[in-house]
Amino acid sequence: MAENNPFPGENNTGHVWDDNLRELNNPPPRWWMIAFWASIIWWIVYGLLYPMWPMPYQPAEGKGYTQGFLGWSQMKEYEESLAQLEAVRAQYEERIRNLTPAEILQDPGLKQYTLASAKVLFGDNCSACHGSGGQGNPGFPVLADDDWLYGGTLAKIQESITNGRKGVMPAHKSTLSPEEIDRLARFVTNLSQGKATEAGWALFRAKGCIACHGPKADGVLSRLPNGDIITVGAANLTDGIWRFEPGGYESAKYTITYGVNQPGVEGTRNAVMPAFGKTGKLDEQSIKKLVVYVHELGGGQ
Ligand code: HEC
Ligand code: HEC
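Residues numbered from 1 in each chain as written. Chains lettered and ligands numbered in written order. Predicted model: local features only at pLDDT ≥ 70, side-chain atom pairs only at ≥ 80, totals over all residues. Heavy atoms only, no water.

Let's talk about the packing of helix H2 (residues 74-98) against helix H11 (residues 284-297)
Next, step 1: Following both chains from N to C, one finds H2 and H11 inclined at 85°, their axes separated by 10 Å at the closest point. When the axis of H2 is compared with that of H11, the two are roughly perpendicular. Together, Glu93, Ile96 and Arg97 of H2 and Gln285, Lys288 and Lys289 of H11 make up the contact between the two elements.
Next, step 2: Each residue belonging to the contact of H2 with H11 can be placed in one class, and the counts come to one nonpolar, one polar and four charged. (Axes fitted to C-alpha atoms, helices over the stretch in contact; angles between N-to-C directions. Helix = DSSP H or I, 4+ residues; strand = E, 2+ residues; numbered from the N terminus. Parallel < 35°, antiparallel > 145°, perpendicular 65-115°, else oblique. Contact = heavy atoms within 4.5 Å. Nonpolar A, V, L, I, M, F, W, Y, C, P; charged D, E, K, R; others polar.)

Quick notes on the domain arrangement of the protein chain
Next, step 1: Domain boundaries in the protein chain define domain 1 (1-76) and domain 2 (168-270).
Next, step 2: Each of domain 1 and domain 2 has a C-alpha centre, and these two points are 88 Å apart. (Domains from an automatic or database assignment.)

Digging into the nonpolar core
Next, step 1: Core analysis: the largest hydrophobic core is formed by 23 residues, its most contacted members being Leu184, Leu191, Trp201, Phe204, Ala217, Leu237 and Ile256.
Next, step 2: Of all the elements in the fold, those that place two or more residues in this core are helix H7 (178-192), helix H8 (198-206) and helix H10 (249-258).
Next, step 3: The greatest single-element share of this core, amounting to six residues, is contributed by H7.
Next, step 4: Contact partners of Trp201, with chain neighbours within four places excluded, come to Phe187, Leu191, Ala196, Pro215, Lys216 and Ala217.
Next, step 5: Counting 22 residues, the second-largest nonpolar core is a separate cluster that includes Ile96, Ile104, Leu143 and Ile161. (Core = buried A, V, L, I, M, F, W, Y, C linked by side-chain atoms within 4.5 Å. Buried < 20%, exposed > 50% of the residue type's maximum accessible area, 1.4 Å probe, protein only.)

Looking at the pattern of salt bridges
Next, step 1: One pass over the full model with this rule turns up eleven salt bridges.
Next, step 2: Among the salt bridges present, the one from Arg97 reaches Glu94, with a minimum N-O distance of 3.7 Å. Of this pair, Arg97 and Glu94 both sit in helix H2, three residues apart, which is roughly one turn of that helix.
Next, step 3: Residue classification places Arg97 among the partly exposed residues on the basis of a relative accessible area of 47%.
Next, step 4: Judged by its relative accessible area of 41%, Glu94 is partly exposed.
Next, step 5: For Arg223, the salt bridge goes to Asp218, with nearest N and O atoms at 4.0 Å.
Next, step 6: Where salt bridges share partners, they join Asp182, Arg186 and Lys253 into one cluster. (Salt bridge = Lys/Arg side-chain N within 4 Å of Asp/Glu carboxyl O.)

Section: the site of ligand 1
Next, step 1: In the vicinity of ligand 1, 24 residues are found, and the nearest of them are Cys126, Cys129, His130, Tyr150 and Met273.
Next, step 2: Here an oxygen atom of ligand 1 and a backbone polar atom of Leu149 are 2.7 Å apart.
Next, step 3: A distance of 2.4 Å separates an oxygen atom of ligand 1 from a polar side-chain atom of Tyr150.
Next, step 4: Counting residues per element, the ones that place at least two in the shell around ligand 1 are helix H5 (127-130), helix H6 (154-163), strand E6 (272-273) and H11.
Next, step 5: Looking at the shell around ligand 1 residue by residue, the class counts come to 17 nonpolar, five polar and two charged. (Near = heavy atom within 4 Å. Polar contact = N/O pair within 3.5 Å; in protein donor to acceptor, adjacent residues only side chain to side chain.)

Digging into the pairing of strand E2 (residues 21-24)
Next, step 1: Sheet topology note: the strand E1 (residues 12-17)/E2 ladder contains three bridges and is antiparallel. Note that in E2 the partner of Val16 across the bridge is Arg22.
Next, step 2: Counting the residues in the hairpin turn of E1 and E2 gives three residues, including Asp18, whose phi is positive at 45°. (Pairing = 2+ DSSP bridges.)

Re H8
Next, step 1: Listing the buried residues of H8 in full gives Gly200, Trp201, Leu203 and Phe204. Taken around the axis of H8, the buried residues stretch over an arc of 165°, which confines them to a single face. With respect to the buried face of H8, the exposed residues turned more than 90 degrees away are Glu198 and Ala206.
Next, step 2: Where H8 is buried, its residues meet H7 and helix H9 (210-213).
Next, step 3: Positive phi appears at Gly208, one or two residues downstream of H8, with a value of about 80°. (Arc of directions from axis to C-beta.)

What follows is the structure, encoded as structure tokens:
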């Protein structure tokens, strides 16, 4: 080939097309070669330091790849950051353990942590009945207002969650006449709209309704100086908030007729709040967090 080269002495490969089109044998530019070798060196160094190459067999540690001299792995990195997070949590958890709900509320940082942590607990344990934001569901009371059956102080909320609640109201279908039931149902409906009559009050008192619903029919038997209320969990009949759906005349009539939580009475209203503490469903720490959470849902009282 060399002897036929029409351009002897030129640094070409001897490949010539169309008389003068030829392939020159020039080296690539220096910068390109530097980058080329640098990338190979980088690849080798990286491969030695970090996990890289799949292995056809499992070495002793049971990992099917070269592990690198740095010993780094994504899993380890994850575990380390988890451990850091746990350490931060542990400080908060320790303080919660040693403080009362009232003290937790005094500390803004701790309160924020407690609320965030309790939100998850509430979602897992409570929202099925009380709604995800405590806004209630048909048949289950609202927790996100300041209308409480059993009281909204920290102590009362703690009692509700720990021991559960089960309000009882007798069925009146055999102790009152249909006419009396009708008049009482009308009375309560009017009362919820602020239009109660004196005759209605008289019947309400005479039939013993105030024994549980209180002299003002607001569910409160008496108020203590510390803000606590004495109650048996009877509903407040003076506001427009109905405990049982759909509320109003028919609904009130039904409740008066069949009562609440009456064993052996067919059609009685069910209203049972499970005991989360006594049954061991939730530990003390979780209940403490939930007490703070529910208290704040209700706007604090
Ligand atoms: C199975 C349904 C159900 C679940 C789950 C449930 N509750 Fe209740 N809860 C009720 C019912 C029903 C009542 C009302 C009881 C009554 O009327 O006597 C109630 C009442 C309450 C009260 C008292 C409200 C008041 O007005 O005084 C609080 C506080 C409360 N629940 C908090 C919780 C928390 C916190 C959880 C989760 C740990 C929870 N509940 C889970 C059904 C439930
Ligand atoms: C032994 C106590 C008790 C007596 C007596 C009683 N109640 Fe009740 N009442 C309750 C309780 C407890 C509830 C349900 C609260 C709950 O579980 O949420 C209730 C609920 C109601 C409701 C439903 C309110 C709503 O918001 O849906 C009406 C209406 C009512 N009572 C009317 C009466 C009338 C009228 C009388 C008198 C004839 C009476 N109650 C006597 C304890 C009582």
